[in-house]
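# Geometric and topological summary
Listed below, chain by chain, are the residues.
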Amino acid sequence: RVLLVGGPAGREAEAGVLTLRRAAETGHAPAQIAYSGWLRGRAREPKDLVEAFDYMAKAAKQDSGYALEVKATYLQAGIGCRKDPQRAERDLRHAAWLGRAPAAVRYGYLRLKAVTGEERYEEANRLDQAHDYFLRAARQSGSLEARLGLALCRLQMPRRAPEGLKALAQLAEEAPTSKAATAYGRRLLAQGEFAAGERVLERAATHRTAAFAALLARWRSSDLADRMLAAGVVAKQPSALILAARERFARERSWAVATLRELGRSRPQALSALGELLWEEGGSKSRDAAYRLWLNAESRGNESARESLAKH
């Protein structure tokens, strides 16, 4: 693995790949996971992704929580296999039961997303399931993502809504440029607490495109929104650049593409946004490029890229 990840190119790297493949073929789960990742990373043709899925599936059969979680991603997005959201959910749930906290978080969000407000008994059951898995992940890892999911669940539970709002406020204070801060700022705006909501979103907007977008939507009736976006672009603020690239894509395509690709070196959400723009543009070349951008962004943990792959 050292040769694959950071070693010299050429014969030694080839020897490293061959050694890893041999270990994977003997049924060694860590080698199967590593070889699958290598195949997916270099994927020059569809069969590479198919082989990557096969090796990850073999590791998953050995009750590797990590392999089960990654296999679920493949199944959700149709990477090297046919899309199968139901099997993906089962694998995530299995990984969570094996103690894989990130899988518990992802499964919790899937259950939370399934809560639509219809069929009260069924919706309450899904909400309870989401809550249980977020709680499990929060106790195991204490991650911000797990605690955010727990707060969002409680906000939808009438008896626990005040507790959820308090938790969301604490998370926003703890991590002012996080997804939690964006969610809290939006919540304050929805409640009519405009000054407080704007303050929270302004802090988050330096790093969160969604927070910046929420502020612009709040001020869209004035020229303040235009000035704010222009100032962010001049300052090369990532969230402003992503929004500006989306806005200008139709008329300044080359600038938008170059800007998002450059940002994508450090921020996978920029590649995800570029993928969305290329997909909407249509045409086989643009859509193939979009798919590859989403694969790149998803492999770096970008949730919106994962959702785009699953959708398209």
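Report on the accompanying structure. (Residues numbered from 1 in each chain as written. Predicted model: local features only at pLDDT ≥ 70, side-chain atom pairs only at ≥ 80, totals over all residues. Heavy atoms only, no water.)

## A look at the overall build of the protein chain
- Summing up its helical and strand segments, the protein chain has 19 helices and 0 strands in all.
- Dimensions of the protein chain, computed from C-alpha atoms along their principal axes, come out at roughly 60 × 50 × 35 Å.
- With 312 residues in all, the protein chain has 47% of them scored as buried.
- Summarising the internal contacts of the protein chain: among those between residues at least 6 apart in sequence, 46% fall at separations of at least 24.
- Across the protein chain, the mean location of the 52 positive side-chain charges is 2 Å away from that of the 37 negative side-chain charges. (Helix = DSSP H or I, 4+ residues; strand = E, 2+ residues; numbered from the N terminus. Buried < 20%, exposed > 50% of the residue type's maximum accessible area, 1.4 Å probe, protein only. Contact = heavy atoms within 4.5 Å. Lys, Arg positive; Asp, Glu negative; His and termini not counted. Charge placed at Lys NZ, Arg CZ, Asp CG, Glu CD.)

## Regarding the environment of E173
- For E173, the location among the structural elements is in helix 10 (residues 161-174).
- Sequence separation of E173 and A130 is 43 residues, and the distance between their C-alpha atoms is 24 Å.

## A look at helix 18 (residues 284-299)
- Compared with an ideal rise of 1.5 Å per residue, which puts 16 residues at 22 Å, helix 18 spans 23 Å between its outermost C-alpha atoms and is within 8% of the ideal.
- Those residues of helix 18 that fall on the buried side of the exposure criterion are S286, A290, L293, W294, L295, A297 and E298. (Expected span 1.5 Å × (residues − 1).)

## With respect to the packing of aromatic side chains
- In this structure the tally under the stated criterion is 6 aromatic pairs.
- Pairing Y35 with W38 gives two aromatic rings, centres 5.8 Å apart and planes at 15°, and the pair type is stacked. Highlighted residues: Y35 and W38, both in helix 3 (residues 29-42), separated by 3 residues, approximately one helical turn.
- Relative accessible area serves as the criterion here: at 3%, Y35 is assigned to the buried category.
- Relative to W294, the ring of W279 lies with its centre 5.5 Å away and its plane at 35°, an arrangement referred to as tilted. (Phe/Tyr/Trp six-rings, centres within 6.5 Å; stacked < 30°, edge-to-face > 60°.)

## Points about the pattern of salt bridges
- Considering all chains together, one arrives at 23 salt bridges under this definition.
- Ionic pairing is found between D223 and R227, a salt bridge with its closest N-O pair at 2.7 Å.
- Look at D223 and you get partly exposed, because its relative accessible area is 49%.
- Ionic pairing is found between E298 and R306, a salt bridge with its closest N-O pair at 3.1 Å. For the pair shown, E298 and R306 are each scored as buried.
- The network of salt bridges with common partners includes R40, E298, E303 and R306. (Salt bridge = Lys/Arg side-chain N within 4 Å of Asp/Glu carboxyl O.)

## A short note on the packing of helix 7 (residues 101-113) against helix 8 (residues 120-141)
- Direction vectors running N to C along helix 7 and helix 8 enclose 160°, while the axes themselves pass 8 Å from each other. On the basis of their axis angle, the class for helix 7 and helix 8 is roughly antiparallel. Here the hand of the crossing between helix 7 and helix 8 comes out left-handed. Taken together, the residues of helix 8 that come into contact with helix 7 (itself represented by A101, A104, V105, Y107, G108, Y109, R111 and L112) are R126, L127, Q129, A130, Y133, F134, R136, A137, Q140 and S141.
- Class assignment of the residues belonging to the contact of helix 7 with helix 8 gives a composition of 11 nonpolar, 4 polar and 3 charged. (Axes fitted to C-alpha atoms, helices over the stretch in contact; angles between N-to-C directions. Parallel < 35°, antiparallel > 145°, perpendicular 65-115°, else oblique. Left-handed = near helix turned anticlockwise from the far one by under 90°. Nonpolar A, V, L, I, M, F, W, Y, C, P; charged D, E, K, R; others polar.)

## Description of the environment of S284
- As for its placement among the helices and strands, S284 is situated in helix 18.
- For S284, a relative accessible area of 65% gives the class exposed.
- Sequence-wise, S284 and W97 are 187 residues apart; in three dimensions their C-alpha atoms are separated by 41 Å.

## Some remarks on unusual backbone geometry
- Of note, D63 is a non-glycine position whose phi angle comes to about 60°, a positive value.
- For K236, which is not a glycine, the phi torsion comes out positive at approximately 55°.
- Assignment of secondary structure puts K236 in the loop between helix 14 (224-234) and helix 15 (238-248).
- On the basis of relative accessibility, which here comes to 65%, the residue K236 falls in the exposed class.

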